[in-house]
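Letter by letter, the chains look like this.
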Amino acid sequence: DTPWNRDLLWVKFVNKEETDMSRPLAERAGHTGTQVAEVVRPKTKSRRGDSRASTAARAGTASREIRAADGEVKRIEKQIEQVIEEEKRRRKIFEASLTALEKRLKTAKEKQVAAIQKKLDALKNTPTSFSVE
């Protein structure tokens, strides 16, 4: 397996995938072509010598990569869940604080209105000593 050979195989693989994907889905039904299943576990063993060792090594590498990708996906999903839970907790605290402040504001406004009304009543009942001539 030389780098040149791997590049050539890759180009052929990409061209085959492109051809397969350009066909309608109905034509592709039941035919995997060179899709992922055959890439991970190739059907043909047209290699010189004993290919079991290199196939096993590549399969081991592929499964390590898959496990690593799965682990990363799970870590990110867990982080998302933690962020959502933290936001829910913060929202709950915010809502409680907002409700308390709104109650305090309502009480303060009622006191303000009562004080203004008391002052108006006092002004209405105060006799004026203005004389208009």
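The model shown is predicted, which means the values in this text are computed figures rather than measured ones.

Conventions adopted
Residues numbered from 1 in each chain as written. Predicted model: local features only at pLDDT ≥ 70, side-chain atom pairs only at ≥ 80, totals over all residues. Heavy atoms only, no water. Helix = DSSP H or I, 4+ residues; strand = E, 2+ residues; numbered from the N terminus. Buried < 20%, exposed > 50% of the residue type's maximum accessible area, 1.4 Å probe, protein only. Areas by Shrake-Rupley, 256 points an atom, 1.4 Å probe, with all protein chains shown as cover. Salt bridge = Lys/Arg side-chain N within 4 Å of Asp/Glu carboxyl O. Patch = residues over 30% accessible without salt bridge, like charges linked within 9 Å, V, L, I, M, F, W, Y side chains within 5 Å. Polar contact = N/O pair within 3.5 Å; in protein donor to acceptor, adjacent residues only side chain to side chain. pLDDT = per-residue confidence, 0-100.

Engineer: Is there a simple way to think about the overall build of the chain in this case?
Structural biologist: Within the chain one finds four helices and zero strands. Starting at the N terminus and ending at the C terminus, the chain contains elements arranged as α-α-α-α. Expressed as a percentage of the 133 residues in the chain, the buried residues total 8%. Of the roughly 12300 Å² that the chain leaves accessible, carbon and sulfur atoms contribute 59%.

Engineer: How should the pattern of salt bridges be read in this particular structure?
Structural biologist: Working definition: two side chains of opposite charge can pair if their charged atoms are close together. Applying the stated criterion across every chain, the model contains five salt bridges. Glu85 is the partner of Lys88 in a salt bridge, and the nearest nitrogen-oxygen pair spans 3.7 Å. On the criterion of helical spacing, the pair formed by Lys88 and Glu85 is a turn pair, its members being three residues apart in helix α4 (residues 52–125). On the basis of relative accessible area, Glu85 is assigned to the partly exposed category, the value being 47%.

Engineer: What's the story with a nonpolar patch on the surface in this structure? I'm lost.
Structural biologist: Taken together, the side chains of Ile76, Ile80 and Ile84 define a hydrophobic patch exposed on the protein surface, amounting to about 250 Å² of accessible area. Positionally, Ile84 belongs in helix α4.

Engineer: What's the story with the environment of Thr126 in this structure? I'm lost.
Structural biologist: Position of Thr126 relative to the elements: it lies in the segment after α4. Of the polar contacts made by the side chain of Thr126, one reaches the backbone oxygen of Ala122; its length is 2.6 Å.

Engineer: How should the confidence of the model for the chain be read in this particular structure?
Structural biologist: Caution applies to low-pLDDT regions: their predicted coordinates should not be interpreted in detail. On average, residues of the chain score 79 in pLDDT, and 70% of them reach the 70 mark or higher. Averaged over each element, pLDDT in the chain is lowest for helix α3 (residues 36–40) (49) and highest for α4 (88).

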